[in-house]
Amino acid sequence: MHCSGPLSSKAAGEVDKTAAAMGKQRVNRDVCRGGEAGSQQGSQIQLSRVMRPDDANIMGNVHGGIILKMIEEAGGIVGTRHCNTLNGDRCWVALVRVEKTEFLFPVFIGEVVHVSAEISYTSKHSLEVQVKVVAENILTGMKKLANKAALWYVPCSLQNADKILEVPPIKYADAEQEEEGRKRYEAQKIERQGTKARLEEAIPPPPNPEEAPKERHTVGFSQSSLIHLVGPSDCTIDDYVYGGVTMKLMDEVAGIVAARHCNTNIVTASVDAINFHRKIKKGCVVTVTGRLTFVSNKSMEIEVLVDAASLVDKEKGRYRAVSAFFTFISLDKDNKPLTVPPLKIEGEDEQRRSDEGKARYVQNKAKRLADKERRQ
Amino acid sequence: MHCSGPLSSKAAGEVDKTAAAMGKQRVNRDVCRGGEAGSQQGSQIQLSRVMRPDDANIMGNVHGGIILKMIEEAGGIVGTRHCNTLNGDRCWVALVRVEKTEFLFPVFIGEVVHVSAEISYTSKHSLEVQVKVVAENILTGMKKLANKAALWYVPCSLQNADKILEVPPIKYADAEQEEEGRKRYEAQKIERQGTKARLEEAIPPPPNPEEAPKERHTVGFSQSSLIHLVGPSDCTIDDYVYGGVTMKLMDEVAGIVAARHCNTNIVTASVDAINFHRKIKKGCVVTVTGRLTFVSNKSMEIEVLVDAASLVDKEKGRYRAVSAFFTFISLDKDNKPLTVPPLKIEGEDEQRRSDEGKARYVQNKAKRLADKERRQ
Amino acid sequence: MHCSGPLSSKAAGEVDKTAAAMGKQRVNRDVCRGGEAGSQQGSQIQLSRVMRPDDANIMGNVHGGIILKMIEEAGGIVGTRHCNTLNGDRCWVALVRVEKTEFLFPVFIGEVVHVSAEISYTSKHSLEVQVKVVAENILTGMKKLANKAALWYVPCSLQNADKILEVPPIKYADAEQEEEGRKRYEAQKIERQGTKARLEEAIPPPPNPEEAPKERHTVGFSQSSLIHLVGPSDCTIDDYVYGGVTMKLMDEVAGIVAARHCNTNIVTASVDAINFHRKIKKGCVVTVTGRLTFVSNKSMEIEVLVDAASLVDKEKGRYRAVSAFFTFISLDKDNKPLTVPPLKIEGEDEQRRSDEGKARYVQNKAKRLADKERRQ
């Protein structure tokens, strides 16, 4: 990587190291180092941004979807940059999977969010990016680790979006690090197989307003769906929707479902692993539907299904692009978790989904406990 | 600065330095370093973002105003963070001046823009931030230095926005560096005095369509103005408009003036020093007016005047908040500068403004030449 | 869940099941059902979205323009989907007319707005979409019918935007329903003829600040205009501006005019029928101008004129694309209507426009009264 064009001579001038220039140039040089910190090593990047009112709910809590979108943007940049370091077709990386991620601390309007991403593993046709989100209150200097995530991408040729290119290998610090990566790669591969069945899950029938209104705290009562017409700024330069844009919409619907169920301030607590089965092209309409599956004492699990359809290209029809489980919690004024009203289950399907949700809940709890013990 | 809450132990775990853990931890540690590169040292930050279609004109050239807004956001973060490192009132920094800045290379949709900012000088009540903008094509790996800027801020108390707080001093590498900063500080102070007269400049009368339409290539023909109702996302947490938001609106109007004059693809080439005389509060309407002042063979100078008025607080009346000179050039398909149609001057006022514009043009050209020779 | 406030009786009227009403009411009922069906049947759709701070004024009232934009997006999706069900050219539907629409209840930040749209009539080359807007407070479960609208679209070929395609016919529940639709179609056709004269109305001369400032409460005092450079996200995939984007800009200018006149919190009360005479292409600059025409005791009528001009295509020149009358009211802290300062009329033209405005005001009032009696 190098500076291009007529600037190169100018840039050279800036790092002129004659004794006389040292003082004057120090500032510039430092800015330069900072400026290219993310980019000198091709496999790292950092995005930062002040959180604005539109990024948050009316209590000032930044939506989980905003964080997920920033995470995915960072992953997409670092992945695309890396996959274009070889000669051959130019490509853009498509998000295929996000590992389970937890929102460790709520983020607020006015805080600066720093999202740093680094490639941590490469297989022949995919790469893993690890991302860390730090929220900084620039008034108090306090920082909190708000989120950590791992994302899997595959490089798609810009000439032919269906052609998956090869990923240049990264260098590992040692054999153990590589071996750990390979284990994560194999584990997610197996898990992805298992999710294909879920693709067939029918979209829930929306409430029929001619029937009697649904009873409060049932699944049907809070079930919600939204539709979004994909615009140019939702898309990468190859005209496919950013995975982060889809996750933001999913979080939005899940948040509405959660708020309808408990009528209090709610925030995203975690997102189960998400698999992106099929890409969504510019000009499509996406329908995002959310419904409660399981409610514990202090959390709500919401299944979110994303279907896409082209408006003009009728052959394609409607297809399931993504599905995922979001977990929300309800917070009081001091950001302490509130008890959530129990879910009224109706019928066998809802019972099955609730049982499956409970199994995930119990498993996650056990895993958190084990992680905690391991750290002590 | 430190990590807050229950996470601190976890964070500590991640930088565990036992020999056995070194391999595994490197990834995490690096992410952490990268992740906090901008924030561990309080006086630096880097913002990065992919350029979207909405950021650019129909030729794919990113608007100068988008870059100026990112530059100012970076400056605001680094300045606010620094000014809150002491005990006492919390504050937010307000932009008071941007030094003349040049757009060295056009930036395109799909490129990643990295904006890095660092505090380079502090006086008792103000601070200077130097910013560098690097645009990276992540498909080719090419990078170009797109912009360099210097901004001056003052810290305003969040309790009382009219109270200017003291700025904690920064440490300089050596006495020479400090002395250079002091010179820049004194120079801009003198220059700011000189601009107060311009504040009184009447806003140009807009074209009256009941008269005959203006002749092409006159000042009146291309003169344009927009109004914008200030919304929450335009404002800092103390409800005053970000300087960067104002600059983006100014660039938008100037771009329309330039395009109306030459009917070709135009881009921002440079912005003369801008002084922000008075702040603009949430709920105000801002009127931004642009008019051509001087046209050279290949460039157009446009004066932009920003007036603000509160909609609900009728006592305040309308006031001049900012004014500045933007220079635009016209580009062909290969991004080579085109010849610009000459400006038809009408009346004494237009002649005077054109003469003043020509003087700035000649002075800037001489300065660029001198800089070039100095570097050789 | 239930409908709140004074609307409940009106809403109840809509699902009145007397035999006589069945035909007429079916459409509304269907919209309601479809409303939530999502998109399973091609002729129906529902968009939902949480209202954000940027969607509202500083009092938290969501701008009418945001609602109008959502309404038109829903209409555009359902219309485009329907017109692409046949073989032949792919197309996008262009908005040609919106019938008079009333804002029945203010909508607030944090509420979820559900916009449901259904095709209610098709002629050979145009189609009518009926839209219903329900705002839901997801914390209390309260819902209110915020708006009902009817929009007319024509399908434009994506190969050649000037070619209007044929609209596939829809199936009607019975002959009466079809007959009602035909009547609405004929009525709007006649009305559209009448509006062509208004196209020639000169844009109001903007205030000349070199003269003495305008007196408060005159037409000239509050008159406002904005320019907007059309960007990619303002456009459909065939690169023409969404009708909803134009309506949002019109509402923005009208709101500024209203606020300048009365210096209080103002909201959109209704919009008279709008005819979209000519399309606006990507890269154009639109100039949107608003001026008061008539002020009653508690309402302000504002005429809004939209002119468009291509920046790069200088032959085309500037043309009138749309014009419409917006009515605003002023609300106190409890959302009760306030008395509006009377308008100071100057000159014959202003008097004529005020008389015409008064005639519209009286006619609308009579119509509302008649509708009310008919429902009792």
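As recorded in an unreviewed UniProt entry, chain A goes by palmitoyl-CoA hydrolase and comes from Austrofundulus limnaeus. What UniProt records for chain A under Subcellular location (unreviewed entry) is the sentence "Cytoplasm".

When helices and strands are tallied, chain A shows seven helices and 12 strands. Long-range pairs, those at least 24 residues apart, make up 73% of the contacts in chain A with a sequence separation of at least 6. Per element, the accessible surface of chain A, about 15500 Å² overall, is 52% carbon and sulfur.

What follows deals with the pattern of salt bridges. With the rule as written, the count across this model stands at 61 salt bridges over all chains. With a shortest N-O distance of 3.6 Å, aspartate 239 of chain B and lysine 282 of chain B are connected by a salt bridge. With aspartate 239 of chain B in the loop between strand 8 (224-229) and helix 6 (243-262) and lysine 282 of chain B in the loop between strand 10 (274-276) and strand 11 (284-295), this residue pair connects regions lying 43 residues apart in the sequence. Of the charged contacts, one joins glutamate 99 of chain C and arginine 97 of chain C as a salt bridge, the two residues approaching to 2.9 Å between their closest N and O atoms. Among the residues examined, arginine 97 of chain C registers a relative accessible area of 1% and is labelled buried. Residues participating in the shared-partner salt-bridge network are Arg97, Glu99 and Glu191 of chain A.

Moving on: the packing of helix 3 (residues 64-83) of chain C against helix 6 (residues 243-262) of chain C. Residues and elements named next belong to chain C. Close contact between helix 3 and helix 6 brings their axes to 8 Å; oriented N to C, the two are set at 170°. Classified by the angle their axes make, helix 3 and helix 6 are roughly antiparallel. Residue-level contacts link Gly64, Gly65, Ile66, Leu68, Lys69 and Glu72 of helix 3 to Gly243, Gly244, Val245, Met247, Lys248 and Asp251 of helix 6. Here the residues of the contact of helix 3 with helix 6 are counted per class, giving four nonpolar, four polar and four charged.

Residue and element names in this part refer to chain A. The sites that UniProt annotates as "active site" (unreviewed entry) are Asn57 and Asp251. Maximum C-alpha separation among the annotated residues is 12.2 Å over a sequence range of 195 residues, consistent with a single clustered spot. The exposure class of asparagine 57 is buried, given its relative accessible area of 18%. Each residue touching asparagine 57, except ones within four places of it in the same chain, is listed here: His63, Asn265 and Ile266. A polar side-chain atom of asparagine 57 sits 2.9 Å from the main-chain amide nitrogen of methionine 59. Secondary-structure assignment places aspartate 251 in helix 6 (residues 243-262). Excluding residues within four positions of it along the chain, aspartate 251 makes contact with His63, Gly64, Gly65, Thr268, Phe326 and Phe328.

Further remarks concern the side chain of asparagine 263 of chain C. Considering the arrangement of structural elements, one finds asparagine 263 of chain C in the loop between helix 6 and strand 9 (265-271). Among the polar contacts listed, one links the side chain of asparagine 263 of chain C to the backbone oxygen of leucine 311 of chain B, at a separation of 2.6 Å.

Before going further, it helps to examine the pairing of strand 8 (residues 266-271) of chain A. Residue and element names in this part refer to chain A. The buried fraction of strand 8 is high, at six of six residues. Pairing of strand 3 (residues 101-103) with strand 8 involves two bridges; the strand directions are antiparallel. In the sheet register, glutamate 102 faces strand 8, and the bridge partner there is serine 270. Across five bridges, the pairing between strand 8 and strand 12 (residues 318-330) is antiparallel. Across the sheet, residue isoleucine 266 finds its bridge partner in strand 12, namely serine 330.

Here the focus is helix 7 (residues 347-375) of chain B. All names here are of chain B. An ideal rise of 1.5 Å per residue puts 42 Å on 29 residues; helix 7 measures up with 42 Å between its terminal C-alpha atoms. What helix 7 keeps buried is the set Glu350, Arg353, Ser354, Gly357, Arg360 and Asn364. Those residues of helix 7 that are buried lie in contact with helix 5 (219-222), strand 11, strand 12 (300-310) and strand 13 (318-330).

Let us now look at a nonpolar patch on the surface. On the surface, a cluster of nonpolar side chains totalling about 280 Å² of accessible area is made up of Ile58 and Met59 of chain A together with Leu139 of chain C. Relative to the helices and strands, isoleucine 58 of chain A resides in the loop between strand 1 (44-50) and helix 3 (64-83).

The subject of this paragraph is the packing of aromatic side chains. Scanning the model with the defined rule gives 15 aromatic pairs over all chains in all. Measuring from centroid to centroid gives 6.0 Å for tyrosine 121 of chain A and tyrosine 172 of chain A, while their planes differ by 40°, and the two rings are tilted. Here tyrosine 121 of chain A is found in strand 4 (residues 112-122), whereas its partner tyrosine 172 of chain A is found in the loop between strand 6 (142-157) and helix 4 (175-195), with 51 residues between them in sequence. Comparing tyrosine 121 of chain A with tyrosine 172 of chain A, the two get one shared label, buried. Its end group placed over the ring of tyrosine 240 of chain B, lysine 279 of chain B keeps NZ or CZ at 4.4 Å from the ring centre.

Moving on: the domain arrangement of chain A. Residue and element names in this part refer to chain A. For chain A, the assigned domains read domain 1 (43-197) and domain 2 (213-375). For domain 1 versus domain 2, the separation of C-alpha centres amounts to 20 Å. Listed per partner, the contact involves 29 residues of domain 1 and 30 residues of domain 2. The contact between domain 1 and domain 2 buries some 2600 Å² in all, and 61% of this surface belongs to carbon and sulfur atoms. There are one salt bridge connecting domain 1 and domain 2. Here aspartate 272 ties to lysine 100 by a salt bridge, and the two come within 3.6 Å at their closest N and O atoms. Elements with a minimum of two residues in the side of domain 1 that touches domain 2: helix 3, strand 2 (91-98), strand 3 and helix 4. Classifying every residue of the side of domain 1 that touches domain 2 by side-chain character gives 14 nonpolar, seven polar and eight charged.

Let us look at unusual backbone geometry. A negative phi angle is the norm for most residues apart from glycine, just as the trans form is the norm for most peptide bonds. Residues and elements named next belong to chain A. At histidine 217, a residue that is not glycine, the phi angle is positive and equals roughly 75°. Note on placement: histidine 217 falls in the loop between helix 4 and helix 5 (219-222). Even without glycine at this site, asparagine 335 takes up a positive phi of about 60°. Looking at the secondary structure, you find asparagine 335 in the loop between strand 12 and helix 7 (347-375). On the basis of relative accessible area, asparagine 335 is assigned to the partly exposed category, the value being 28%.

Moving on to the nonpolar core. Val113, Val115, Ile280, Val288, Met300, Ile302 and Phe326 of chain C are the most contacted members of the largest nonpolar core, which has 93 residues in total. Once you skip the residues sitting within four places of it in the chain, valine 115 of chain C turns out to touch Ile45, Gln46, Leu47, Met70, Ile71, Ala74, Val131, Lys132 and Val133 of chain C. Among the nonpolar cores identified, the runner-up in size contains 92 residues, and Val113, Leu151, Cys262 and Ile266 of chain B belong to it.

Moving on: the environment of methionine 59 of chain B. In this structure, methionine 59 of chain B sits in the loop between strand 2 (44-50) and helix 3 (64-83). Between the C-alpha atom of methionine 59 of chain B and that of leucine 331 of chain B, which follows or precedes it by 272 residues, the distance is 9.9 Å.

Residue and element names in this part refer to chain C. The topology assignment puts leucine 68 in helix 3. Judged by relative accessible area, which is 3%, leucine 68 ranks as buried. As a C-alpha pair, leucine 68 and asparagine 147 span 79 residues in sequence and 9.2 Å in three-dimensional space.

Our focus in this paragraph is helix 6 of chain A. Helix length check: helix 6 of chain A (20 residues) gives 29 Å between terminal C-alpha atoms against 28 Å at 1.5 Å per residue, within 8%. Two residues or fewer past helix 6 of chain A, asparagine 263 of chain A is found with a positive phi of approximately 55°.

Residue and element names in this part refer to chain C. Here glutamine 223 lies in the loop between helix 5 (219-222) and strand 8 (224-229). Overall, the relative accessible area of 8% leaves glutamine 223 in the buried class. Between the C-alpha atoms of glutamine 223 and aspartate 349, which are 126 residues apart in sequence, the distance is 15 Å.

Consecutive side chains along a regular strand alternate between the two faces of the sheet. All names here are of chain A. In terms of burial, strand 12 is largely enclosed, as 11 of its 13 residues are buried. Bridge count for strand 9 (residues 274-276) against strand 12 is two bridges, and the pairing is antiparallel. Note on strand 12: the bridge partner recorded for phenylalanine 276 is valine 322. In terms of strand pairing, strand 11 (residues 300-310) meets strand 12 through 10 bridges, oriented antiparallel. Bridged to valine 306 within strand 12 is valine 322.

For the rest of this paragraph, the subject is the confidence of the model for chain A. Residues and elements named next belong to chain A. Scored by pLDDT, chain A has a mean of 84; 84% of the residues are at 70 or more. Under a pLDDT of 50 for its full length, residues 1-40 has, in the predicted model, 75 contacts with residues more than four places off or in other chains. Model confidence for the complex: the whole-complex pTM is 0.82, and ipTM, which rates the interface, is 0.79.

Procedures and definitions
- Residues numbered from 1 in each chain as written.
- Chains lettered and ligands numbered in written order.
- Predicted model: local features only at pLDDT ≥ 70, side-chain atom pairs only at ≥ 80, totals over all residues.
- Heavy atoms only, no water.
- UniProt positions renumbered as here; feature names shortened; annotations may be inferred.
- Helix = DSSP H or I, 4+ residues; strand = E, 2+ residues; numbered from the N terminus.
- Contact = heavy atoms within 4.5 Å.
- Areas by Shrake-Rupley, 256 points an atom, 1.4 Å probe, with all protein chains shown as cover.
- Salt bridge = Lys/Arg side-chain N within 4 Å of Asp/Glu carboxyl O.
- Buried < 20%, exposed > 50% of the residue type's maximum accessible area, 1.4 Å probe, protein only.
- Axes fitted to C-alpha atoms, helices over the stretch in contact; angles between N-to-C directions.
- Parallel < 35°, antiparallel > 145°, perpendicular 65-115°, else oblique.
- Nonpolar A, V, L, I, M, F, W, Y, C, P; charged D, E, K, R; others polar.
- Polar contact = N/O pair within 3.5 Å; in protein donor to acceptor, adjacent residues only side chain to side chain.
- Pairing = 2+ DSSP bridges.
- Expected span 1.5 Å × (residues − 1).
- Patch = residues over 30% accessible without salt bridge, like charges linked within 9 Å, V, L, I, M, F, W, Y side chains within 5 Å.
- Phe/Tyr/Trp six-rings, centres within 6.5 Å; stacked < 30°, edge-to-face > 60°.
- Lys NZ or Arg CZ within 6 Å of the ring centre and 35° of its normal.
- Domains from an automatic or database assignment.
- Buried area = accessible area lost by both parts, 1.4 Å probe.
- Core = buried A, V, L, I, M, F, W, Y, C linked by side-chain atoms within 4.5 Å.
- pLDDT = per-residue confidence, 0-100.

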